[in-house]
Amino acid sequence: MNSLRLEKGYLVLGGEISSERTPLEAGLERLVDFGKPFLGRQALLNQREVGLTQKLALLTVEAVDADAIGDEPIYCQGKMAGRVASGGYGHCVGRSLALGYLDLDCIAPGTELEIPIFGRTCAAKAVASPLYDPENKNLRM
């Protein structure tokens, strides 16, 4: 299940969705009704006005014998630019994948990144999400 959700870019509570991240950072603004009052509304409006510093991105990882699992640092041009929220192997696309929060200047598809996994530095690349079924034609209920 984790493999399939990563390939589709689906988020999971406790990984990409947590009390430490806002819906704006997770790319879920379309699910927020700013026309209704709710706890945290003003903070989200302020964040939207000021702008984000990080956003969630899908990454392909050139993993050797282990995949990123979460909380690994992500480096962009030699500096830490974010952290992995979750990761694993995408069996349908045949690639190691990770979802991570990255600085905005590092999230463009094609941006070259590095993720240390169990002592090995693995090349990674930001990609457009989702990798599998981007038009959502294969969704089954």
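Cut-offs and rules
Residues numbered from 1 in each chain as written. Predicted model: local features only at pLDDT ≥ 70, side-chain atom pairs only at ≥ 80, totals over all residues. Heavy atoms only, no water. Helix = DSSP H or I, 4+ residues; strand = E, 2+ residues; numbered from the N terminus. Rg over C-alpha atoms; globule rule 2.2 N^0.38 Å. Buried < 20%, exposed > 50% of the residue type's maximum accessible area, 1.4 Å probe, protein only. Phe/Tyr/Trp six-rings, centres within 6.5 Å; stacked < 30°, edge-to-face > 60°. Lys NZ or Arg CZ within 6 Å of the ring centre and 35° of its normal. Disulfide = S-S within 2.5 Å.

Let us now look at the overall build of the protein chain. Along the backbone of the protein chain there are two helices and six strands. In sequence order, the secondary structure elements of the protein chain are arranged as α-α-β-β-β-β-β-β. Taken over C-alpha atoms, the radius of gyration comes to 15 Å for the protein chain, in line with the 14 Å a tight globule of 141 residues would show. C-alpha atoms of the protein chain, sized along the principal axes, occupy 50 × 40 × 25 Å. Here the protein chain holds 141 residues, and the buried ones make up 40% of them.

Under the counting rule described, the total for this entry stands at one aromatic pair. Taken together, a centroid distance of 6.4 Å and an interplanar angle of 55° make the contact between F34 and F38 tilted. What makes F38 partly exposed here is its relative accessible area of 31%. Above the ring of Y101, the side-chain terminus of R21 is found at 4.1 Å from the ring centroid.

Tallying each qualifying case throughout the model produces one disulfide. Two residues, C76 and C106, share a disulfide whose sulfurs are 2.4 Å apart. Because the torsion about its S-S bond is -100°, the bridge between C76 and C106 counts as left-handed. Taken together, the residues span a long stretch of sequence, with C76 in strand β2 (residues 73–76) and C106 in the loop between β4 (95–103) and β5 (112–117) at a distance of 30 residues. Between C122, a free cysteine, and C76, which holds the nearest cysteine sulfur, the sulfur-to-sulfur gap is 16 Å.

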